[in-house]
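Coordinate analysis (summary)
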Amino acid sequence: MTTAAATPAIKEDRILILDFGSQYSQLIARRVRDSGVFCEMFPYDIDTQRIIDFGAKGVILSGGPESVHAENSPRINDAVFDLGVPVLGICYGMQAMAERFGGQVHASDIHEFGAATIEVNGHSQLTDGIEDSKTDGAAAKLNVWMSHGDKVIEVPEGFDIIANTPSCPIAIMANDDKQYYGLQFHPEVTHTLQGQALLGRFVHQICECAGEWTPDNIADMRIAQLKEQIGDKQVLLGLSGGVDSSVVAALLHKAIGDQLTCVFVDNGLLRLHEGDQVMQIFAENMGVKVIRVNAEDLFLNALAGQSDPEAKRKIIGKTFIDVFAESARQVSEQSDGKVVEFLAQGTIYPDVIESAKSHQGKAHVIKSHHNVGGLPDDLAFELVEPLRDLFKDEVRKLGITLGLPPKMINRHPFPGPGLGVRILGEVTKEYADILRQADAIFMEELERSGWYDKTAQAFAVFQPIKSVGVVGDGRRYAWVIALRAVETVDFMTARFAHLPYDLIETVSNRIMNEIAEVSRVTYDVSSKPPATIEWE
Ligand SMILES: Nc1ncnc2c1ncn2[C@@H]1O[C@H](COP(=O)(O)OP(=O)(O)OP(=O)(O)O)[C@@H](O)[C@H]1O
Ligand SMILES: O=c1[nH]c(=O)c2[nH+]cn([C@@H]3O[C@H](COP(=O)(O)O)[C@@H](O)[C@H]3O)c2[nH]1
Ligand SMILES: NC(=O)CC[C@H](N)C(=O)O
Ligand SMILES: [Mg+2]
């Protein structure tokens, strides 16, 4: 029974975003969450049942590249309007709504792109009192950001024209009775100065969502959801000591106490002394039961001879599950034979998106995160993934609320496949030992120079190629280490960190001097996209 956590009966007030393919759709989600309201985005064509089950208090229809006049262009599922909740259409979303209710949309190839000032002449619940500037007696003005070719030229019955620009006669339309609204511009981009105010007005006043998407409330809500999902059953949590699984541990500990057993797997692909550190932190800070499994041989044997990145990820994902299954048997034996039905993981939203298991869009598989795309099809557990819809910065805030130590919260992420995806090609213990030493030197110097906290993630990568060097008049023919450091907020895009040359020089000299098996060090200057953060 491989099941993603089902939508629980206890729900926070929530907004449904239907994505028609705009480049800014993801920003709508961020803005709504920033105003304290939970939301999720789905492709415009998801099943009717899912639209109903989501339990939205309001729906936002995104923009999109298509034209409502084009054959087979996307249409709004009528189930949206049957929900009886307010609907906000943005750009394409507005045009599709106008067309649906009998208005007229004028097709054009010419694009209006960029800043525009609109005049607000009409009144609506959405817009009244929201303005950038107003002189007595004159129309209120809004500075907005447009990106469209088509435009609505006649509003449907029941709608009023609220605002216009010289080139766009209907920049805002509103039907206050039904609470349907259309914006031709993009409120989700920061160039629309009152964009956050308009979205806030929509979700709070019009949809009547409470501003409960705050770390305190998220914690309470998730704990209640976990109690409901798990009942009196036993749960096994894969605990890596990273931010995500530590936050899950804290949530589960609060929700179900000693029905929780954590398993920390030493897969031989961890950083220097990591196993001991994790066990120590958890014994000291968390008061949760943790089993440590030494599975280095198991992982390295399974990986022997494998050099394809996706194959390696799948093997690691499966071996993790094998270890979890064995631990579950042991836990079950120790608790009067009660079967462990649930496996908890610290899966977060970017893991899901990049493994394309998302209900969020039709994204391509970039890489199979071991805990999502790398899971076997015949998983014998029901998954518990309370962070599956959160971004990393939201997880960190939640961790602080739950009282986790800042040192744990501010750790750089470390991928489950660990050094397995930082040793390019085949993984061996020899390579892992060399890489561990190089990585430890890099971390030490980052900490010492204060750059650890200024970068979002940094690590060393083992290159299985040899390069010639000269040491003490002798020839050295040895391996190459790459250093990687990035700046990013959400790990979806990243810029390589502009570390000072002096720091890179210190690290490079130390690595080549202290590790005889390394003859050369390089610095990775690739950003994401087009590169990814990890090399495999
Ligand atoms: N060594 C490990 N032992 C047990 N479970 C693990 C291990 N490594 C990863 N996992 C599981 O896989 C999940 C995803 O790993 P990932 O590295 O993305 O998250 P994390 O380690 O919790 O946090 P971070 O991203 O900050 O490293 C973890 O949350 C955890 O449930
Ligand atoms: O738990 C994980 N399992 C994985 O299989 C995995 N692959 C990448 N990452 C981490 O995800 C973030 C984005 O990485 P990429 O740009 O390489 O996709 C970075 O923070 C990566 O370290 C993983 N985490
Ligand atoms: N940004 C959008 O949603 C654009 C909508 C539509 N494709 C247009 O050009 O008008
Ligand atoms: Mg990790």
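For clarity, every value in this text was computed on a predicted model and none was experimentally measured.

**Regarding unusual backbone geometry**
In this model, C91 sits at a positive phi of 55 degrees, which is unusual for a non-glycine residue. With respect to the helices, strands and loops of the structure, C91 is situated in the loop between β4 (87-90) and α4 (92-100). Accessibility expressed as a relative area gives 5% for C91, which makes it buried. Its identity as a non-glycine residue notwithstanding, Q179 has a phi of 60 degrees, on the positive side. For Q179, the position within the fold is in the loop between β10 (168-175) and β11 (180-183).

**So, the pattern of salt bridges**
Applying the stated criterion to the full structure yields 31 salt bridges. Among the salt bridges present, the one from R100 reaches D78, with a minimum N-O distance of 2.7 Å. Separated by 22 residues along the polypeptide, R100 in helix α4 and D78 in the loop between β3 (58-61) and α3 (79-82) bring together distant segments of the chain. Of the residues examined, D78 reaches a relative accessible area of 33% and is grouped as partly exposed. Here R411 makes a salt bridge to E274, at a shortest N to O gap of 3.1 Å. Taken together, the positions of R411 in the loop between α13 (406-409) and α14 (429-449) and E274 in helix α8 (residues 274-285) put the pair 137 residues apart, joining distant regions of the chain. Residue R411 is classed as buried on the basis of its relative accessible area of 15%. Through salt bridges with shared partners, a single ionic network connects E444, E445, R448, R510 and E514.

**Some thoughts on the packing of helix α9 (residues 296-303) against helix α10 (residues 309-334)**
Contact pair α9 / α10: the axes reach a minimum separation of 10 Å and the direction vectors enclose 145 degrees. Here α9 runs over α10; the crossing is right-handed. Packed against α9, whose contacting residues are L298, F299, A302 and L303, the element α10 presents K312, I315, I316, T319, F320 and V323 at the interface. Each residue belonging to the contact of α9 with α10 can be placed in one class, and the counts come to 8 nonpolar, 1 polar and 1 charged.

**Quick look at the UniProt feature "binding site: ATP" (unreviewed entry) in the protein chain**
With numbering matched to this structure, UniProt assigns "binding site: ATP" (unreviewed entry) to S240, G241, G242, V243, D244, S245 and S246. Relative to the assigned elements, G242 resides in the loop between β12 (234-238) and α7 (243-256). In this fold, S246 is placed in helix α7. Those residues within four positions of S246 in sequence are excluded, and the remaining contacts are L239, G241, F282, M286, L404 and M408.

**A look at the UniProt feature "active site" (unreviewed entry) in the protein chain**
Within this numbering scheme, the UniProt entry marks C91, H186 and E188 as carrying the feature "active site" (unreviewed entry). Across 98 residues, the annotated set stays spatially compact, with a maximum C-alpha separation of 11.2 Å. Once residues within four sequence positions are removed from consideration, C91 is found in contact with G63, S147, H148, L183, Q184, F185 and H186. Taking the relative accessible area as the measure of exposure, E188 reaches 0% and is therefore buried. Beyond its immediate stretch of four places on either side in the chain, E188 contacts Y24, L27, I28, R31, I90 and L199.

**Concerning the packing of aromatic side chains**
In total, this model carries 15 aromatic pairs according to the counting rule given. For the ring pair Y431 and W479, a centre distance of 5.2 Å and an interplane angle of 70 degrees mean the geometry is edge-to-face. Note that Y431 is positioned in helix α14 and W479 in strand β18 (residues 474-487), a separation of 48 residues in sequence. Accessibility expressed as a relative area gives 15% for Y431, which makes it buried. Take W479: its relative accessible area is 13%, and that puts it in the buried class. Following the ring pairs from residue to residue traces out a cluster consisting of F81, F101, F159 and Y180.

Reading guide: rules and limits
Residues numbered from 1 in each chain as written. Chains lettered and ligands numbered in written order. Predicted model: local features only at pLDDT ≥ 70, side-chain atom pairs only at ≥ 80, totals over all residues. Heavy atoms only, no water. Helix = DSSP H or I, 4+ residues; strand = E, 2+ residues; numbered from the N terminus. Buried < 20%, exposed > 50% of the residue type's maximum accessible area, 1.4 Å probe, protein only. Salt bridge = Lys/Arg side-chain N within 4 Å of Asp/Glu carboxyl O. Axes fitted to C-alpha atoms, helices over the stretch in contact; angles between N-to-C directions. Left-handed = near helix turned anticlockwise from the far one by under 90°. Contact = heavy atoms within 4.5 Å. Nonpolar A, V, L, I, M, F, W, Y, C, P; charged D, E, K, R; others polar. UniProt positions renumbered as here; feature names shortened; annotations may be inferred. Phe/Tyr/Trp six-rings, centres within 6.5 Å; stacked < 30°, edge-to-face > 60°.

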